[in-house]
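Here are the chains, one letter per residue:
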Amino acid sequence: SQWGEENLQALSIQEGEDVTMNCSYKTYTTVVHWYRQDSGRGPALIILIRSNEREKRSGRLRATLDTSSQSSSLSITAAQCEDTAVYFCATDTGYQNFYFGKGTSLTVIP
Amino acid sequence: EAGVTQSPRYAVLQEGQAVSFWCDPISGHDTLYWYQQPRDQGPQLLVYFRDEAVIDNSQLPSDRFSAVRPKGTNSTLKIQSAKQGDTATYLCASSNSGNTLYFGEGSRLIVV
């Protein structure tokens with residue numbers, strides 16, 4: 001398996017709080033994608049970070065990548081109710097075959 | 001630009017029945033992926049194509065699952081003799097040479 005043994009995690013926070021989600025992977029990757037999936041929809045890319053980058057920002061999103069520990073994180077600043085979704089990381093070993101982690105279910109409470 | 005289109009959106013089968021899922025990728029995207037997503041899990045890659053060629057089908061349960069993309073555009077995923085363990089959402093995604101994946105809404109399968 002490409003992944004650590006994390007199951008789908010559930011996080012519940014208050015609106016306005018910051019939140020960080022983590023994923024760890026077992027094998028080499030050239031890039032980590034972070035996707036969000038709304039209920040009943042397909043996943044949609046929100047941010048990606050390449051193996052030569054340590055941090056990437058996009059609006060309220062911040063992704064980090066530590067290739068030495070084979071881990072990545074996604075942080076959301078000042079979470080809003082519309083951030084409620086399931087978040088997945090996905091890796092690519094270089095053959096454009098993307099493998100997804102089990103995900104984090106985030107609920108933002110107003 | 002039209003997104004990835006999948007059909008049917010829902011299917012309910014009895015064990016032993018067959019079903020086919022159809023995917024129309026974004027125009028011009030050369031790479032097409034099929035993922036299986038069981039409830040409360042991440043998408044699991046089944047097979048992917050570049051144009052009409054299968055690049056990796058090692059995760060496809062070959063005895064009952066098959067996938068084709070004959071003209072390098074639309075694709076069909078077929079499950080023969082469905083089992084309860086096949087209950088999941090089947091997601092199709094396309095990309096332009098392996099960059100961002102664009103997913104369809106998915107086809108939700110329930111096998112009773």
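Conventions and cut-offs
Throughout this description, residue numbers start from 1 for each chain and increase along the sequence as written. Throughout, the order in which chains and ligands are written sets their labels, letters from A for the former and numbers from 1 for the latter. pLDDT decides what is reported in this predicted model: residues at 70 or higher carry local features, side-chain atom pairs at 80 or more are listed and counted, and totals for whole chains, interfaces and linings draw on all residues regardless. Each side-chain value is derived from all of the structure's non-hydrogen atoms; neither hydrogens nor water enter the calculation. Here the term cavity refers to a set of points on a 1 Å grid, laid over the protein atoms alone, in which a 1.4 Å probe fits but cannot get out; the term pocket refers to an open set having protein on both sides within 12 Å along at least five of seven lines, with lining residues being those that place an atom within 4 Å of a point. Grid points are joined across faces, edges and corners, and a volume is the space filled by probe spheres set on the points. We count a stretch as a helix when DSSP gives it H or I for four or more residues in a row; a strand needs E for two or more, and each element gets its number in order from the N terminus. By the convention adopted, Pro, Cys, Tyr, Trp, Phe, Met, Ile, Leu, Val and Ala count as nonpolar, Lys, Arg, Asp and Glu as charged, and the other residues, Gly among them, as polar. Only buried residues count toward a nonpolar core, which is a set of Ala, Val, Leu, Ile, Met, Phe, Trp, Tyr and Cys residues joined through side-chain atoms within 4.5 Å. Three labels apply to residues, based on accessible area from a 1.4 Å probe with only protein chains included: buried if under 20% of the type maximum, exposed if over 50%, partly exposed otherwise in between. Any carboxyl oxygen of Asp or Glu within 4 Å of a side-chain nitrogen of Lys or Arg constitutes a salt bridge here. You can read pLDDT as the predictor saying how much it trusts each residue, on a scale of 0 to 100. Only strands joined by at least two bridges in the DSSP assignment are considered to pair. Every axis corresponds to a line fitted to the C-alpha atoms, with the helix fit spanning only the stretch in contact, and the corresponding angles, defined between N-to-C directions, vary from 0 to 180 degrees. Pairs of N or O atoms within 3.5 Å make up the polar contacts considered here, provided that, within protein, one atom can donate a hydrogen while the other can accept it, and that residues adjacent in sequence are counted only when both atoms are side-chain atoms. Residues are treated as being in contact if the distance between any of their heavy atoms lies within 4.5 Å.

## With respect to the layout of surface pockets
Size it by volume and the largest pocket reaches roughly 680 Å³. Lining of the largest pocket is provided by 27 residues; of these, G40(A), Q37(B), R39(B), D40(B) and T89(B) occupy positions nearest its centre. Elements that contribute at least two residues to the lining of the largest pocket include exactly strand 8 (85-92) of chain A together with strand 9 (88-95) and strand 11 (107-111) of chain B. The greatest single-element share of the lining of the largest pocket, amounting to four residues, is contributed by strand 11 of chain B. By residue class, the composition of the lining of the largest pocket is nine nonpolar, eleven polar and seven charged.

## A word on the nonpolar core
For soluble globular proteins, nonpolar side chains are generally found buried alongside one another. Residues F21(B), W34(B), L77(B), I79(B), Y90(B) and L109(B) are the most contacted members of the largest nonpolar core, which totals 23 residues. V19(A), Y25(A), V32(A) and A79(A) belong to the second-largest nonpolar core, a separate cluster that totals 20 residues.

## Regarding the pattern of salt bridges
One pass over the structure, following the stated rule, counts six salt bridges over all chains. As a salt-bridge pair, R36(A) and D38(A) come within 2.6 Å of each other at their nearest N and O atoms. Overall, D38(A) belongs to the partly exposed group, its relative accessible area being 31%. A salt bridge links E105(B) to R41(A), with the shortest nitrogen-to-oxygen separation between them at 2.7 Å. Here R41(A) lies in the loop between strand 3 (31-37) and strand 4 (44-50) and E105(B) lies in the loop between strand 10 (102-103) and strand 11, a pairing that spans two chains. Members of the salt-bridge network, linked through shared partners, are E55(A), R57(A) and R62(A).

## Quick look at the confidence of the model for chain A
Here chain A averages 90 in pLDDT, while 94% of its residues score no lower than 70. At the low end of the mean pLDDT range in chain A sits strand 9 (residues 98-100) of chain A, at 88; at the high end sits strand 5 (residues 55-58) of chain A, at 97.

## Quick notes on the sheet that holds strand 2 (residues 19-24) of chain A
All names here are of chain A. The strand order across the open sheet formed by four strands is 2-7-6-5, and the pairing between neighbours is antiparallel. Two strands lie at the open edges of the sheet, namely strand 2 and strand 5, each paired on one side alone. Sheet twist, expressed as the mean angle between neighbouring strand axes with direction ignored, is 15 degrees. Here six bridges tie strand 2 to strand 7 (residues 71-76), and the two strands are oriented antiparallel to one another. Note that in strand 7 the partner of S24 across the bridge is S71.

## A word on the sheet that holds strand 7 (residues 65-68) of chain B
Residue and element names in this part refer to chain B. Strand order in the open sheet made by the four strands is 1-3-8-7, with antiparallel pairing throughout. Each of the sheet's edge strands pairs with one partner strand only, and the pair in question is strand 1 (5-7) and strand 7. With direction set aside, neighbouring strand axes in the sheet form an average angle of 15 degrees.

## Description of the side chain of S75(A)
All names here are of chain A. Note on placement: S75 falls in strand 7. Side-chain polar atoms of S75 contact the side chain of T20, separated by 2.9 Å. Leaving out residues up to four positions away in the same chain, S75 has contacts with V19, T20, R60, L61 and R62.

## Overview of the side chain of H29(B)
All names here are of chain B. Within the element layout of this structure, H29 appears in the loop between strand 3 (19-24) and strand 4 (31-37). H29 gets classed as buried once you look at its relative accessible area, which sits at 12%. A distance of 3.4 Å separates the side chain of H29 from the backbone nitrogen of S95, its partner in a polar contact. H29 has contacts with R69, S94, S95, N96 and Y102, leaving out every residue within four places of it along the chain.

## Side note on the environment of I55(B)
Residue and element names in this part refer to chain B. Among the secondary structure elements, I55 is positioned in strand 6 (residues 53-56). For I55, a relative accessible area of 40% translates into the label partly exposed. Separated by 23 residues in the primary sequence, I55 and L32 have C-alpha atoms spaced 10.0 Å apart. With sequence-adjacent residues up to four places away left out, I55 is seen in contact with Y48, F49 and R50.

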